[in-house]
Amino acid sequence: MSTTTPIRRALLSVSDKHDLVPFARGLHELGIEIVSTGGTAAALRAAGIEVIPIDAVTGFPEMMDGRVKTLHPAVHGAILGRRDLATHRAAMATHDIVPIDLVCINLYPFERTVQTAGVTAEEAIEQIDIGGPALLRSAAKNHAFVTVVTSPSQYDRVVNDLRANDGATSLETRRELAAAAFTRTAEYDTNISAWMSPPAATSFPPLLRLNYTHQADLRYGENPHQAAALYLDPASREPSVARAELLHGKPLSYNNLNDAAAALRLLQDLTACFPTLACAAVIKHTNPCGAAARPSLAAAFEAAYAGDPLAAFGGILAVGRVLDAETADAITAGQKFIEVVVAPGYDADAVTRLADRWKNVRLLNLPTLEAGADRTLDHRAIAGGLLVQERDTKLAIPASWTHAAGPAPTADQLEAAAFAWMVTKHLSSNAIAIADDRALIGAGAGQVDRVGAARVAVEKAGPRLAEAAWPVAASDAFFPFADGPRLLADAGVRCIVQPGGSRRDDETIALCDERSITCLLTGVRHFRH
């Protein structure tokens, strides 16, 4: 196998014409003949670059609205012919096939097309490339002699390699580019298959295909000794911090992205439950340390940050409305520090004030917070396997709850209980959230026993618990004993929201009746690990 292979003739046929002309000019300057098709040939001719039309190679015109251009032995034989086999060379000579040594193809934009609002099936089908993947696979298979290029991001590397090797490419380069070509065609076919497949009869198919594209290498993972990268789901249309516009600040870290995603999930639930109110949440290590729903966004932020100012320092803030100057003033006042802000839009003055206050604050702009239904499954890797489950999309629906003990709640009190229930859903288990008037005042998260979670929540609430008008404690799972509810009752909690289902529910219900504490059973558990 050759170490370097000279390039004498190249085939260029691209949909994405970004940097095409400089690349083709670089090839031309090296004395390489260029064969091209349709719009690519027109673009090169317009730039003054000489090209050989594909029909001069095949002897057939492009036909059927461009569906048939390159599917011809004169093209694929020129790519697949082995230069080291006499029989292959003889066949090429017999049929007047001139070898093609470089193939540059980027495929029809099928993925982008199917994400376009209102696109028809016919329009999508016309963006399924046939000849392109065939050319890429032929060139990648014969990478011992042929260089394959699939992206404008590879142009400089190829030209530099050619210049460094007197018009030839190295085997190392060709092999890496061939691997990238097979990756691209596999990704492309997977996206087409996913689009064409009918909805699965089951959420858990016998073969699970996950297709994510590399977006960026991250500085490191959770810790500096761990390498990390960000991948995107090309089919997703739902709001995502991975796709958010960065208005200000340096690129996000692995932990920033993870925490910001957790903040977005909580905000989506809160805004769905309280659509007439402004919502804000502060996240630290994927757990809410502050959250609130108020008539104004500035008031919601103030109440959320007050939930645990110590934990909120250096946290991730997500808000449910366009971030205005008044809210920016509240955020930047005093000794607060926010590392990332997620919002569905910013006033210009708000961006200026936040950026002036913190040079490196990351401001993520989302077009909307409305949750989509693109991906209904969550995945978690374990050694040797993958755990897959349906997303927990359940919202608080107080009308479906059971009033099990204590005074009947008022409408306002039910709303306050719904707020606490939504927050505890987003805490790591075992979890207790204590809230008052639609604001988190104490969170106990990630504890190995429920009493411990209750104790931490009470300690976090501190003196605000005694000052609260009607404090509510929400538990993500049932209380196995009455000791947790007793601790909450002794601290001054007036309402307990929990799934119920314990064999000893009667003990908790009796305690709540005895202490005149409202007990609401949701019938839903919200473990989060």
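Residues numbered from 1 in each chain as written. Predicted model: local features only at pLDDT ≥ 70, side-chain atom pairs only at ≥ 80, totals over all residues. Heavy atoms only, no water.

A word on the overall build of the chain
Alright, step 1. Counting its secondary structure elements, the chain contains 20 helices and 23 strands.
Alright, step 2. Here the C-alpha atoms of the chain give a radius of gyration of 30 Å, more than 25% beyond the 24 Å that 2.2 N^0.38 yields for 529 residues.
Alright, step 3. Projecting the C-alpha coordinates of the chain onto the three principal axes gives extents of approximately 100 × 50 × 45 Å.
Alright, step 4. Residues counted as buried form 48% of the 529 residues belonging to the chain.
Alright, step 5. Taking contacts inside the chain between residues at least 6 apart in sequence as the whole, the part at least 24 apart equals 60%.
Alright, step 6. Side-chain charges in the chain split into 49 positive and 59 negative, and the spacing between the mean points of these groups amounts to 4 Å. (Helix = DSSP H or I, 4+ residues; strand = E, 2+ residues; numbered from the N terminus. Rg over C-alpha atoms; globule rule 2.2 N^0.38 Å. Buried < 20%, exposed > 50% of the residue type's maximum accessible area, 1.4 Å probe, protein only. Contact = heavy atoms within 4.5 Å. Lys, Arg positive; Asp, Glu negative; His and termini not counted. Charge placed at Lys NZ, Arg CZ, Asp CG, Glu CD.)

A look at the sheet that holds strand β4 (residues 52–53)
Alright, step 1. Pairing in this open sheet of five strands is parallel, and the strands run β4-β3-β2-β5-β6 from one edge to the other. The sheet is open, and its two edges are formed by β4 and β6 (147–149), each paired on a single side. (Pairing = 2+ DSSP bridges.)

Description of the domain arrangement of the chain
Alright, step 1. One can read the domain layout of the chain as domain 1 (4–196), domain 2 (248–365) and domain 3 (398–521).
Alright, step 2. Taking the mean C-alpha position of each, domain 2 and domain 3 sit 26 Å from one another.
Alright, step 3. Contacts between the two partners involve 20 residues from domain 2 and, on the opposite side, 19 residues from domain 3.
Alright, step 4. Both faces combined, the contact of domain 2 with domain 3 buries some 1500 Å², and carbon together with sulfur accounts for 56% of it.
Alright, step 5. Measuring nitrogen to oxygen at the nearest pair gives 2.8 Å for the salt bridge that ties Lys-425 to Asp-269.
Alright, step 6. Applying the counting rule to domain 2 against domain 3 returns 10 residue pairs in polar contact (both at pLDDT 80 or more).
Alright, step 7. Only α11 (254–273), β12 (287–294) and α12 (297–306) provide two or more residues apiece to the side of domain 2 that touches domain 3.
Alright, step 8. Counting residues per element, the side of domain 2 that touches domain 3 draws most heavily on β12, which supplies eight residues.
Alright, step 9. Split into classes, the residues belonging to the side of domain 2 that touches domain 3 amount to 12 nonpolar, four polar and four charged. (Domains from an automatic or database assignment. Buried area = accessible area lost by both parts, 1.4 Å probe. Salt bridge = Lys/Arg side-chain N within 4 Å of Asp/Glu carboxyl O. Polar contact = N/O pair within 3.5 Å; in protein donor to acceptor, adjacent residues only side chain to side chain. Nonpolar A, V, L, I, M, F, W, Y, C, P; charged D, E, K, R; others polar.)

Re a nonpolar patch on the surface
Alright, step 1. Residues Leu-208, Leu-210, Tyr-212, Tyr-231 and Leu-386 make up a contiguous nonpolar surface patch of about 430 Å² in total accessible area.
Alright, step 2. The exposure class assigned to Leu-208 is partly exposed, which follows from its relative accessible area of 34%. (Patch = residues over 30% accessible without salt bridge, like charges linked within 9 Å, V, L, I, M, F, W, Y side chains within 5 Å. Areas by Shrake-Rupley, 256 points an atom, 1.4 Å probe, with all protein chains shown as cover.)

Some words on the sheet that holds strand β20 (residues 440–444)
Alright, step 1. Taken together, the six strands give an open sheet; going across it, the order is β18-β23-β22-β21-β19-β20, and neighbouring strands pair in mixed fashion. What marks the edges here is a single partner per strand, and that holds for β18 (402–405) and β20. Strand-to-strand, the axes of this sheet are offset by a mean angle of 20 degrees, without reference to chain direction.
Alright, step 2. Here four bridges tie strand β19 (residues 432–435) to strand β21 (residues 472–475), and the two strands are oriented antiparallel to one another. Residue pairing across strands places Ile-432 opposite Ser-475, the latter belonging to β21.
Alright, step 3. Lying over the sheet, helix α20 (residues 505–515) contacts β18, β22 (495–498) and β23 (518–521), oriented at roughly 75 degrees with respect to β18. (Axes fitted to C-alpha atoms, helices over the stretch in contact; angles between N-to-C directions.)

Topic: helix α15 (residues 348–357)
Alright, step 1. Considered for burial, the residues of α15 that qualify are Ala-350, Val-351, Leu-354 and Ala-355. In a view along the axis of α15, the buried residues occupy a sector of 125 degrees, so they form one face of it. Projecting away from the buried face of α15 at angles above 90 degrees are the exposed residues Ala-348 and Asp-356.
Alright, step 2. Lining the buried residues of α15 we find β10 (245–248), α14 (325–332) and β15 (362–365). (Arc of directions from axis to C-beta.)

Regarding the packing of helix α4 (residues 73–80) against helix α8 (residues 131–141)
Alright, step 1. Axis separation between α4 and α8 bottoms out at 8 Å; the angle between their running directions is 25 degrees. Classified by the angle their axes make, α4 and α8 are roughly parallel. Between α4, through Val-75, His-76, Ile-79 and Leu-80, and α8, the contact on the second element is made entirely by Ala-134, Leu-135, Ser-138, Ala-139 and Lys-141.
Alright, step 2. Considered class by class, the residues forming the contact of α4 with α8 number six nonpolar, two polar and one charged. (Parallel < 35°, antiparallel > 145°, perpendicular 65-115°, else oblique.)

What about the packing of aromatic side chains?
Alright, step 1. Under the counting rule described, the total for this entry stands at five aromatic pairs.
Alright, step 2. With centroids separated by 4.2 Å and ring planes inclined at 10 degrees, the aromatic side chains of Phe-23 and Tyr-155 adopt a geometry described as stacked. Remark: Tyr-155 occurs in helix α9 (residues 155–164) and Phe-23 occurs in helix α1 (residues 20–29); sequence separation between them is 132 residues.
Alright, step 3. For Phe-23, a relative accessible area of 2% corresponds to the buried category.
Alright, step 4. On the numbers, 5.6 Å between centres and 45 degrees between planes, the contact of Phe-301 with Tyr-305 is tilted. Of this pair, Phe-301 and Tyr-305 both sit in helix α12, four residues apart, which is roughly one turn of that helix.
Alright, step 5. The class for Tyr-305 is buried, based on a relative accessible area of 7%.
Alright, step 6. Through successive ring pairs, a cluster of aromatic residues spans Phe-313, Phe-337 and Trp-358. (Phe/Tyr/Trp six-rings, centres within 6.5 Å; stacked < 30°, edge-to-face > 60°.)

Focus on unusual backbone geometry
When glycine is set aside, most residues are seen to have a negative phi, and most peptide bonds are trans.
Alright, step 1. In the segment running from Ser-429 into Asn-430, the intervening peptide bond is cis, with an omega of -10 degrees.
Alright, step 2. Relative to the elements of secondary structure, Asn-430 occurs in the loop between α16 (411–425) and β19.
Alright, step 3. Positive phi outside glycine occurs at Asp-96, with the angle close to 55 degrees.
Alright, step 4. By the element assignment, Asp-96 lies in the loop between α5 (86–94) and β5 (102–106).
Alright, step 5. Exposure remark for Asp-96: the relative accessible area of 69% places this residue in the exposed category.
Alright, step 6. Here Arg-438, not a glycine, exhibits a phi torsion of approximately 60 degrees, which is positive.
Alright, step 7. Within the secondary structure, Arg-438 is located in the loop between β19 and β20.
Alright, step 8. Judged by relative accessible area, which is 16%, Arg-438 ranks as buried.

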